[in-house]
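Spelled out from the first residue to the last, the chains are:
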Amino acid sequence: MHAASMTSVEVLLNEFYQPTTSNARKREIETNLLAFKSQPEAWQLCLRVATTSNSFTENQFLWFFSTSTLEHTITRRWTQLTSADRNMLRETLWNSYAQLAIINCARRHRDTLAQLIALLGKREFPEQDPNYMKHCMELSKTRFVLGINLLRVTSEEVVSNRGDLTTEWKQYFQLCISMCIPDVMDLVTKYLLIAVCHINGKDIQSTIPSTFMDFSLTTALPNDNQLSSSVLELLGCVQHLVSWIRTDLISEYFLMSILDLSQWRQDKEPISLAALSVLNELLYLQKPLPYAGTLINGVSGLLEQHNSTKHQSEMYSDKFRELLRLYSTKYAGKLLQEPEMLESFLDQLYRCTTKLHGALDFTEKLDIWTPIIKVIAQQPGRMTAHHGEIMTKLVDEIMRRTQFEINKPELELLDNELMEDDTPTTEWQQFLDQCFECLALLASTRGAHIVFAQVFAHWSRPQTYLLSLELALDHGSGRCYEAARKLKMANVAEILRDFATVCQAVVRLAPLMDTATAAADVVDEMESQLQVLSDRLLQTLQLLASNRIGSYDADKATFQTDLDNLYAQVLMAIRSIFPLSKSLNSEQLLHRLFAILGSIFACNNSLSAASPIVQQAASEVLLFIATVIRPKCLLDIPEIQSLMQAGPRLGAQLPRQVCINVHISLVSYMVLPWKSVPEPQQDYPRRLWMLREYIDSLARNFVELDLSSAGESKVAATTLSLLGTFTALIEYFKATGANAKDMLATTFKPILNKALVIFNSYGLSSIAMAITVAEFSLSMLRTLPMHLGAQFIKEMITLFIDVSSREQLTLSRLAVMEKVLQMFQLIVEQPGSASLALLPNILAFSTQQILPLLQQQNAATDSSEITSLLYALFDSVLTCKWQFFYKNQLSNSHGNCNANGTANGQQSQQQSNFNCSDNLHPDSFMAIMNAYGQMLVSGTDPTNVRSVLLSMQNVNERSRLYQRALFKEHLLASFQRALLNLLLSGEGALHFDLIAQALYAMGQVDRRQLHESFVNAALPVAQTALEDICQTTDIPTFTQKLTQLMQDAHCAHLNETT
């Protein structure tokens, strides 16, 4: 090979990067370049190009190809180089790197050469190149930036998980580097001290003790125009070092230097940011740091400087907030033990929190308070009056920052649109949620009644304003001018939003106001607060329900939206305090409340009809009263009776979820036990009659459908509208008592029968109807598994299987099969043996029709959900119905084989505990196991691969799967082969622990077979290593050895495939 070869490479590279080159030609060029790279002498030509002074600027394509070839040679062909080749490579790279012009040298040029030198050092230090670390440190004294950069890159290689070296050598290299780290830390600490003196304009010899400082180092880091860039390189190196070295190597001088460099300096902003990054890296470490007092004082000093500085960059503020959050998380407990220090810090932190830098800045600062408040809450005896005063001020600040009246400039910048399509949260709502979570934390620490009083103090202003509007409108035309003036002069939308915000705060604090768990000395105060709140809420609700304000033309685009939002928040506030307020539970107030709720649900199309958001909130109040409060008097309230009579019409005139909530509420009144009413007075017979009448009124058109005369479109319209509602309704009652489920089963069973008839007729022709019927059947089975009857369930499942088997399954019907598989799983998981009779049909349908379809499907079709359901069904069969395969169910007490794993021990256990060869349904068992094996072989679905591994582990622990004769004789070797292949693939690392546990458990059954499987896998490792791992008798050691085995195999594979 000669220079002409490099000329050809250069021509190919230039052609490759031409925009006019076709993809086919690029693939051809790539093949030629790879062939060149793999030639034995190619690295020598590339070394000349990489180390020629002007090659980087003349042709970067050629230069990067050359360095890539050198990296390939070092990492994958190292063993093929002679000692002379290695020496030439090392000396040439070192000489070229040391002679780089720092000022004019591109960073990528410098870093790439440093990377190559570090890769060499990783292979030669300390055996062939014992002075590697010494040369790095010495280089920093003559070429500071180059030496520090090389130390950083070497540090990165120490923790790199690149699989190009054996595990043993990696550990040895890290150990040897660690022995040099004390000298490295001593050197960089001295450089840091020099940097601090230069930046602060101090004399080095008079500032730093001569016993510590080597003053000759000052020439390496002079105070010139390159100081800032040099210090940035130093801090970058330091940040990486502290991420993995022992923290006891960090000196107090080191910490003091980093803290000093972290101060805000407008002309040295990059240095301040880099130093903060070092501090954050230290605080992220999950281990104690030395010199805690120095760090605490230093952070307090930084906070004081932050508060006294008017102008700091946004980047510095963001990073400083991160520092404070990490600091408070790590040192909150220690600060609590130093009262004076904590008080000073809290004062400074409060000053920092109150600075106006935007809503996001404020909520992130509240995160800094969270660990401190929690620590104080855990040790209430250490809480001082000053702590309480600060918390009181913080509550006031939170409420102030959430009110438009006070903080409009910040709040109007928050977006009120949904942040993401799948997250129904706006930026504004997220801000409020974070503020109110902090309020709740303060309330649980400071006292709920104290914080509640502070929050409720913000109620009077907006409510007084609304009441004054009502008063103006109530006094006729003579006062309308005043009302109009109020609406036009004031920003009504902001007042309404402030009122809604206070309501949300009340909702969040309400659960903490439970008098049943409160201290005796505050119960009376809490009850008084709840009484006042109840009165104000009802007063406001009455005003909003009258619609007098909403009907007035306010000439504001957002007025009605804000009014509706307030209306909804008041309703939600009522819902939150309902179980706590004695007055709201009185029959008189219930009648008043339901009169308002009735008007909200009124089925009319007038302009005064309630908005969907108000109807939704009202339905949730109704649902809460029906399912939680459950007073007996509800069935006698006229509005409830009106809703029951209007039942069939609700779906056409209310939003779907509102309609469902109303139906659930009405059914709850009839099936759930009334609170505080004796059993004989529950009047269940009358309520069952009412339930049947109500459901019959809703389902009459559906039940009376004549399938022979009605067209498919009519059947579909009726089925889809009704069963979707009934599915949600039935699902709600999964956790109710047996009596309620008896009533529901009696009432809904005829409807289910009709739905099954429709499925029998239209299950293949109409996918929409098939899905809807399957969903309804699933909800009935999930909610009423014991009340439908075993025979009914058997007939229902048989029908689903028969209809689905009439034609070959297609991808379009997978959505139906998802529901069917969930029904199968519910049946399998039911206790007892009643479902055993259905298992042959369930498994045959699942393995012979659904599984082949999923295995043959188009790769573009997303079937991960149904695949997960299918394998979940298999797992349920193995874990819940093991008796379907084997008569003897072994207890956990038998465990795995004894620790010594001897053949005699295994044989004696098998003989004494069970006969392995008595599988009752071997075909079904093998079908499930083959499905498991195929999933492991494909390895392309990480979620389901993990599910299979977990399932096999659980079944083996419960029932000794691997010791069963059918598995041991026919499946053990193939599963071990699949597991090892998966482990060697890229996806295997995701499941390493589970694969290791499976291989270990299988090895305890037959160590000879495990050794044979390892040998057949043709791992490029020593046979002694394979024998050693197969003789391991505990899982931690096995996992450790398997990790090393895989890493060494991967390393050998890289070196062999050059």
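In what follows, the structure referred to is the one given above.
Attention here is on the structure that accompanies the text. Just so you know, these numbers come straight off a predicted model, no measurement behind them. (Residues numbered from 1 in each chain as written. Predicted model: local features only at pLDDT ≥ 70, side-chain atom pairs only at ≥ 80, totals over all residues. Heavy atoms only, no water.)

## Quick word on the overall build of the protein chain
Threshold: Working definition: helices are DSSP H or I runs of at least four residues, strands are E runs of at least two. Numbering for both runs from the N terminus. Only heavy atoms matter for contacts: two residues are in contact if any of them lie within 4.5 Å across the pair. Residue exposure ignores everything except the shown protein chains as possible cover, and the areas themselves are Shrake-Rupley values with a 1.4 Å probe. The charge count treats Lys and Arg as positive and Asp and Glu as negative. His and the chain ends do not count. For this purpose, a charge sits on NZ of Lys, CZ of Arg, CG of Asp or CD of Glu.
Helix and strand content of the protein chain: 49 helices and two strands. Along the first, second and third principal axes, the C-alpha atoms of the protein chain reach 100 × 80 × 65 Å. Relative to all contacts within the protein chain whose residues are 6 or more apart in sequence, the contacts with residues 24 or more apart total 75%. For the protein chain, the exposed area adds up to about 46500 Å²; of that, 50% sits on carbon and sulfur atoms. Positive and negative charge centroids in the protein chain, built from 85 and 106 side chains respectively, lie 2 Å apart.

## A look at helix 26 (residues 523-546)
Operational definition: To estimate the expected span of a helix, count its residues, drop one, and scale the result by 1.5 Å. Buried, partly exposed and exposed residues are distinguished by accessible area as a fraction of the type maximum, computed with a 1.4 Å probe on protein chains only: under 20%, between the cut-offs, and over 50%, respectively.
With 24 residues, helix 26 extends 35 Å between its outermost C-alpha atoms, agreeing within 8% with the 34 Å of an ideal straight helix rising 1.5 Å per residue. Among the residues of helix 26, those classed as buried are Val523, Met526, Gln529, Leu530, Leu533, Ser534, Leu537, Leu538, Thr540, Leu541, Leu543 and Leu544.

## Remarks on the state of the cysteines
Spelled out, the test is: In this description, the term disulfide denotes a pair of cysteine sulfurs within 2.5 Å.
Tallying each qualifying case throughout the model produces zero disulfides. Cysteine Cys105 shares no disulfide, and the gap to the nearest cysteine sulfur, in Cys136, comes to 17 Å.

## Some thoughts on the pattern of salt bridges
What counts, and what does not: Salt bridge, as applied in this entry: a Lys or Arg side-chain nitrogen positioned within 4 Å of an Asp or Glu carboxyl oxygen.
Per the stated rule, a full pass over the model turns up 38 salt bridges. Here Glu437 and Arg508 are joined by a salt bridge, their closest N and O atoms 2.7 Å apart. Of this pair, Glu437 sits in helix 21 (residues 427-446) while Arg508 sits in helix 25 (residues 492-509); the two residues are 71 residues apart in sequence, bridging distant segments of the chain. Given a relative accessible area of 27%, Arg508 falls into the partly exposed group.

## Points about the packing of aromatic side chains
To describe a pair of aromatic rings, one takes the distance between the centres and the angle between the planes. The criterion, for reference: Within 6.5 Å between ring centres, the rings of Phe, Tyr and Trp (the latter by its six-membered ring) count as paired, and their orientation is classed by plane angle as stacked under 30 degrees, edge-to-face over 60, tilted in between. To sit over a ring, a charge needs its Lys NZ or Arg CZ within 6 Å of the ring centre and within 35 degrees of the ring normal.
Evaluation of the coordinates by the stated rule reveals 35 aromatic pairs. Ring centres 5.1 Å apart and planes at 85 degrees place the aromatic pair Trp63 and Phe64 in the edge-to-face group. Assessed through its relative accessible area of 0%, Trp63 is described here as buried. Summarising the aromatic geometry, the rings of Phe404 and Trp428 are spaced 5.5 Å apart at their centres and angled 45 degrees between planes, so their arrangement reads as tilted. Linking Phe404 in helix 20 (residues 404-411) with Trp428 in helix 21, this pair joins segments that are 24 residues apart in sequence. Exposure remark for Phe404: the relative accessible area of 5% places this residue in the buried category. Above the face of the Trp674 ring, Arg687 is positioned so that its terminal group lies 4.0 Å from the ring centre.

## Comments concerning helix 28 (residues 587-600)
Between its first and last C-alpha, helix 28 extends 20 Å over 14 residues, near the 20 Å set by a 1.5 Å rise per residue. Buried residues belonging to helix 28 abut helix 26, helix 27 (559-577), helix 29 (612-629), helix 30 (638-645) and helix 32 (656-671).

## Here we look at the environment of His991
You can see His991 is positioned in the loop between helix 45 (972-984) and helix 46 (992-1005). Taking the C-alpha atoms as reference points, His991 and Val945, separated by 46 residues in sequence, lie 8.2 Å from one another. Here His991 is in contact with Pro942, Val945, Arg946 and Leu949, once residues within four sequence places are set aside.

## Quick word on the environment of Phe452
Mapped onto the elements, Phe452 comes out in helix 22 (residues 448-456). As a C-alpha pair, Phe452 and Leu530 span 78 residues in sequence and 9.8 Å in three-dimensional space.

## Concerning the environment of Pro1036
One can find Pro1036 in helix 49 (residues 1035-1056). Of the residues examined, Pro1036 reaches a relative accessible area of 56% and is grouped as exposed. Note: C-alpha distance between Pro1036 and Arg692 (344 residues apart in sequence) is 62 Å.

## Some thoughts on the packing of helix 45 against helix 46
Formally: Comment: axis = line fitted to C-alpha atoms, over the contacting stretch for helices; angle = value between 0 and 180 degrees taken between N-to-C directions. The labels follow the angle: roughly parallel below 35 degrees, roughly antiparallel above 145, roughly perpendicular from 65 to 115, and oblique for the rest. The sense of a crossing depends on the near helix, which, turned anticlockwise from the far helix by less than a right angle, makes the crossing left-handed and, turned clockwise, makes it right-handed. Here the term charged refers only to Asp, Glu, Lys and Arg, the term nonpolar to Ala, Val, Leu, Ile, Met, Phe, Trp, Tyr, Cys and Pro, and the term polar to all other amino acids, Gly among them.
Packing of helix 45 against helix 46 brings their axes to within 10 Å, and their N-to-C directions diverge by 150 degrees. It follows from the interaxial angle that helix 45 and helix 46 lie roughly antiparallel. When you trace helix 45 past helix 46, the crossing you get is left-handed. Contacts between helix 45 and helix 46 involve Leu972, Phe975, Gln976, Leu979, Leu980, Leu982 and Leu983 from the former and Phe992, Ile995, Ala998, Leu999, Met1002 and Gly1003 from the latter. When its residues are assigned to classes, the contact of helix 45 with helix 46 shows 11 nonpolar, two polar and no charged.

## Some points on empty space enclosed by the protein
Convention followed: The definitions used throughout rest on a 1 Å grid laid over the protein atoms alone, on which a cavity is an enclosed set of points accommodating a 1.4 Å probe that cannot get out and a pocket is an open set flanked by protein within 12 Å on both sides along at least five of seven lines; lining residues are those having an atom within 4 Å of a point. Grid points are joined across faces, edges and corners, and a volume is the space filled by probe spheres set on the points.
Here the structure, examined in full by the defined rule, presents five cavities of 30 Å³ or more. In this structure, the largest cavity occupies an estimated 50 Å³ of space. Lining the largest cavity are Met133, Leu151, Thr154, Ser155, Val158, Ile177, Ile181, Leu241 and Trp244. Counting residues per element, the ones that place at least two in the lining of the largest cavity are helix 9 (144-159) and helix 10 (167-200). Across the lining of the largest cavity, the residue classes tally to seven nonpolar, two polar and no charged.

## Some details on the packing of helix 27 against helix 29
The contact between helix 27 and helix 29 brings their axes to 8 Å, and the two run at 10 degrees. Accordingly, the angle class assigned to the pair helix 27 and helix 29 is roughly parallel. Seen from helix 27, the contacting residues are Asp564, Asn565, Tyr567, Ala568, Leu571, Met572 and Arg575; seen from helix 29, they are Ile613, Val614, Ala617, Ala618, Glu620, Val621 and Phe624. Partitioning the contact of helix 27 with helix 29 into residue classes produces 10 nonpolar, one polar and three charged.

## As for unusual backbone geometry
The step from Phe125 to Pro126 runs through a cis peptide bond, and the omega angle for that step is 0 degrees. Within the fold, Pro126 resides in the loop between helix 7 (107-124) and helix 8 (132-142). The phi dihedral of Asp683 falls on the positive side, at around 55 degrees, and the residue is not glycine. Looking at the element boundaries, Asp683 is found in the loop between helix 32 and helix 33 (684-703).

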